[in-house]
Amino acid sequence: MTPMQEQYNRIKGEYMDYVLLFRLGDFYECFDNDAKLVSKVLGITLTGRGRDDNRRAMAGIPHHALKTYLPKLINAGIKVAIADQLNEATPGKLVERSVTKVITPGTILDENILDNTKNNYLASLNFKKDTYFLTYCDISTGELNLKEIKGLKNLRNEISKLDIKEVLIPSDLNNLKLNTLIPNIEEIDFNKKEYSKSLEVLHNHFKIKNLKTFGITEDNIELILGIGELIKYIYSTQKSDISHINRIKVINETHKMLLDYETIRNLELIYSITGDNNLTLYSILNKCVTSSAKRTLRNWILNPLTNVELINERLNNVEYFFNNPRVTSSIREYLSNVSDFERIVGRLGVNIAHPKDILGLKFSLENSLKVIESLNNGESTLKTLTSKLSVELLKNINDVINLIDKNILDDAPSISNIGGIFKNEINSELDELRNLKTNAKNILNKMQLDEIETTGIQSLKISYNNVFGYYIEVTKTNVSKVPSRYIRKQTLANAERYITQDLKKLEEDILSSEFKIIQIETSMFNEFRISLQKYINDILSLNTVISEIDILANFGLIAREYQYVKPEILDEKNTSNSKKGEMILNIKDGRHPIIERITNDFIPNDSDLNKGKLINIITGPNMSGKSTYIRQNALIVLMAQIGSFVPAKSLKFNLVDRIFTRVGAMDNLSRGESTFMVEMIETSNILNNATDNSFVILDEVGRGTSTYDGVAIAWSILEYIQSNIKCRTLFATHYHELVSLSKSYSDIFNLNVEVLDNGNEIKFKHKIIDGFASKSYGVHVAKLAGIPEVVVHRANEILKSFEENNSINNAKEDNKHIKEINKPSKPKKISPDQLGLM
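In this report, we go over the structure that sits alongside the text. Model, not experiment: these values are computed from the prediction.

## Brief notes about helix α12 (residues 341–349)
Next up, step 1: By the criterion of burial, α12 is predominantly enclosed, with 9 of the 9 residues buried.
Next up, step 2: Those residues of α12 that fall on the buried side of the exposure criterion are Phe341, Glu342, Arg343, Ile344, Val345, Gly346, Arg347, Leu348 and Gly349.
Next up, step 3: In this structure, the buried side of α12 is in contact with β8 (131–138), α9 (291–302), α13 (355–376), α18 (501–532) and α19 (536–562).
Next up, step 4: Phi for Asn351, located one or two positions after α12, is positive at around 60°.

## Overview of the environment of Tyr136
Next up, step 1: Along the chain, Tyr136 falls in strand β8.
Next up, step 2: Residue classification places Tyr136 among the buried positions, given a relative accessible area of 4%.
Next up, step 3: Sequence separation between Tyr136 and Thr47 is 89 residues; the distance between their C-alpha atoms is 41 Å.
Next up, step 4: Residues within four places of Tyr136 in sequence aside, it is in contact with Tyr121, Leu122, Ala123, Glu143, Leu144, Asn145, Glu158, Leu162, Leu230 and Ile251.

## Section: the side chain of Thr661
Next up, step 1: By the element assignment, Thr661 lies in strand β22 (residues 659–662).
Next up, step 2: Within the local environment of Thr661, its side chain forms a polar contact with the backbone oxygen of Glu262, the two atoms lying 3.5 Å apart.
Next up, step 3: Leave out the neighbours within four places in its chain, and Thr661 touches Glu262, Thr263, Asn266, Leu267, Ile686 and Ile697.

## Thoughts on the sheet that holds strand β13 (residues 461–465)
Next up, step 1: Read across the open sheet, the 4 strands follow the order β13-β14-β16-β15; overall the sheet is antiparallel. Each of the sheet's edge strands pairs with one partner strand only, and the pair in question is β13 and β15 (487–491). Looking at each pair of strands side by side, their axes are set apart by 40° on average, direction ignored.
Next up, step 2: Judged from the 4 bridges that link them, β15 and strand β16 (residues 495–499) form a sheet pairing that is antiparallel. Across the sheet, Gln490 pairs through a bridge with Arg497, a residue of β16.
Next up, step 3: Contacting β13, β14 (469–475), β15 and β16, α18 crosses the sheet at an angle of about 145° to β14.

## Points about the packing of aromatic side chains
The geometry of an aromatic ring pair is captured by two quantities: the separation of the ring centres and the angle between the planes.
Next up, step 1: Going through the model one piece at a time under the given rule, you end up with 13 aromatic pairs.
Next up, step 2: For the pair Phe206 and Phe214, a centre-to-centre distance of 5.3 Å together with 70° between the ring planes defines the contact as edge-to-face. For the pair Phe206 and Phe214, a shared accessibility class is recorded, and that class is buried.
Next up, step 3: The structure contains a cluster of three or more aromatic residues connected by ring pairs, namely Tyr8, Phe22 and Phe31.

## A few points about the pattern of salt bridges
Next up, step 1: What the rule picks out here adds up to 38 salt bridges.
Next up, step 2: Its salt-bridge partner being Asp450, residue Lys446 comes within 3.2 Å of it at the nearest N-O pair. Separated by 4 residues within a single helix, Lys446 and Asp450 lie in helix α17 (residues 440–455), roughly one turn from each other.
Next up, step 3: With a closest N to O distance of 2.5 Å, Glu596 and Arg591 form a salt bridge. The exposure classification of Glu596 matches that of Arg591, with both residues buried.
Next up, step 4: Through salt bridges that share partners, Lys118, Asp163, Lys165 and Arg298 make up one connected network.

## Observations concerning the packing of helix α11 (residues 325–335) against α19
Next up, step 1: Two elements in contact, α11 and α19, have axes separated by 10 Å at closest approach and are oriented at 135°. As summarised for this structure, α11 and α19 are arranged oblique, according to the angle between their axes. For the element pair α11 and α19, the recorded crossing hand is left-handed. Here Pro325, Thr328, Ile331, Arg332 and Leu335 of α11 lie close against α19, whose contacting residues are Ile546, Ile549, Asp550, Ala553, Asn554, Leu557 and Arg560.
Next up, step 2: Broken down by class, the residue content of the contact of α11 with α19 amounts to 7 nonpolar, 2 polar and 3 charged.

## A word on the packing of α9 against α19
Next up, step 1: At a minimum axis distance of 9 Å, the contact between α9 and α19 shows a crossing angle of 75°. For the element pair α9 / α19, the angle class is roughly perpendicular. Every residue of α19 that contacts α9 at Ser292, Ala293, Thr296, Leu297 and Trp300 is listed here: Asn543, Ser547, Glu548, Asp550, Ile551, Leu552, Asn554 and Phe555.
Next up, step 2: Its residues assigned to classes, the contact of α9 with α19 shows 6 nonpolar, 5 polar and 2 charged.

Thresholds applied
- Residues numbered from 1 in each chain as written.
- Predicted model: local features only at pLDDT ≥ 70, side-chain atom pairs only at ≥ 80, totals over all residues.
- Heavy atoms only, no water.
- Buried < 20%, exposed > 50% of the residue type's maximum accessible area, 1.4 Å probe, protein only.
- Helix = DSSP H or I, 4+ residues; strand = E, 2+ residues; numbered from the N terminus.
- Contact = heavy atoms within 4.5 Å.
- Polar contact = N/O pair within 3.5 Å; in protein donor to acceptor, adjacent residues only side chain to side chain.
- Pairing = 2+ DSSP bridges.
- Axes fitted to C-alpha atoms, helices over the stretch in contact; angles between N-to-C directions.
- Phe/Tyr/Trp six-rings, centres within 6.5 Å; stacked < 30°, edge-to-face > 60°.
- Salt bridge = Lys/Arg side-chain N within 4 Å of Asp/Glu carboxyl O.
- Parallel < 35°, antiparallel > 145°, perpendicular 65-115°, else oblique.
- Left-handed = near helix turned anticlockwise from the far one by under 90°.
- Nonpolar A, V, L, I, M, F, W, Y, C, P; charged D, E, K, R; others polar.

As structure tokens, then:
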């Protein structure tokens, strides 16, 4: 085994779970199983090194193409360790190599890999009894959050919302099967003996004496281990300072609505059931200009507010942008020049920001201040946003702008190791070297004139070749005039060549000037980046405000474009239209915010849930719009509670504490759960957690089992909601038996979807009206779907027999009814109670 192979094996031994990219000259090479994996993922040639039994699989990529290939490896869920050469190659001597960077799915900083619309979270998870401690960090922005979660279901909900890319867990949590939610799981030992060490790491990293600074109790061993292991893991991957991760935010859900996974899925908030993510609430509400706002909007949608004052503050600001389109346009123009400076700060924090990043930061801060200035000159409502920024903070932001403007060239390169970063008159040595490099020819000409004048040799000239470098050439006839300080270098037929100490020094200076320039500028740039790190908190605070402004201006723009209205929130202080304690949801001409974007003839509908109509049972045909109707009402409520205007003519309502949905037929076979079992589990969650302030939508509950069971379950559920929960509920069903509940309970009210049926033609009006439907028109929908005519005809025969109280059992005729459609036979009659449908 060669010394290089031994070196590779030693480094690989320290990173067994990683693909090791090993720098060999101009290539990053992989060996053995790493080579086989990389060649398959990247589609590159698998070669080998050595012979016979000593032959090792080998695959490589050019070092300059790393940015092209690295995203493919990371997106495939592969963890990568990069071993670089630490010194120049010297003949006969092994090049020193070491891992300089470790990249995992949760520790990505490369803007070419990251999705700018969402956070890239790395998490750690620890537990104590039934309480889970979830710490999650986006290294690219510096965001670090801690959340205590009660119960496994709530944990799974939270993980689904966060879209975590990588998690550290103790082996005790393997039974949770989190791999269905998180693609990359790193099992580590949360050893309680490491508690003191973890606490010390946290104190040192955050430069504090006690975590009470962040509202964290230090005697909770499991919690401290969870945070500590996460910070240690980040240090181990970044191989550098992580100064931008400088605070822990303890997530408090006091003023936020908890959305479970089913509701997020069924309402298609951030992901579409069809797979087309352009048809989600997030996609239709996202016309944000800045990347940070896009990420924040996603968080708003998944965490609606439940505090009237906070919601109204947002709504009032949206109203300003709605009423002032010119201001909105002007602000969005400024915002279009704002880079993702939250992630620039992330790269600054680990000292890998490049010169273009720094210039992007300057322009972003300048345009952000223009936004703030514009709003400070506006109405007082907008000052609730800008007042979050202190005079000292704004001064510090201006200091950052001035520092960058004073030091960094406007055309600085995108990489930091080729020079051309700093302006002149910053460093005198740098200025001299630049002058030498730029004016080398003039300097040599001047030296030549000086030597001619000193020696009196008019034919003397200074030249250069690759063998001797710079030299002075004197003809044979003038050799007698050559001064003693000249050192003979070469004899030619007609001339002699010399060097002098001054020429030799000048040569060294000229030839090394570029290297020295790069060396000096690289050192200066490292120091400059570090000097900016003290402003990270101020920059992030400004970013938070700018993101909020972007979202609210975005809401104002969308509201004008799509005719949204400002919601009116009713509470105990605003009860002009409701009695105290009465829950109201009144929507005039409500529209589904997603579906109206893809159809030209969307039919608006009212919704009026209040005492006497607290529970609405909606009947009507398939494809008539029942599911659209119940979903659109839930979406309208959610939009209002994130501070957005809504697609309706008006909305008056009391805030809801939770939105629950049970929609669609899904199974979970991997966990042994049938479609009906999933339906019952989701319904159980609603019945056990909904309160009188909740909003519940239920679609076709009970359809996954027999008719007897289904009707009985649906009936009982409605009675339970009416008697025990008393919350605003929309219940869409084909069980027409349920409409009789309105006779027994004053809070239950019947609605149906209007249908025009003249006997020959059926037309769905998609309009919700009072009353109940007498038919479901399922056979008609089957015909529209393209079911063979023979099947539709026979279905109509059987349906007619049922409607005439005929026998189900005797309705099963032989295949001649399919083969001979013109000669159908009628099933025999049975009594109504045998059908179980009356």
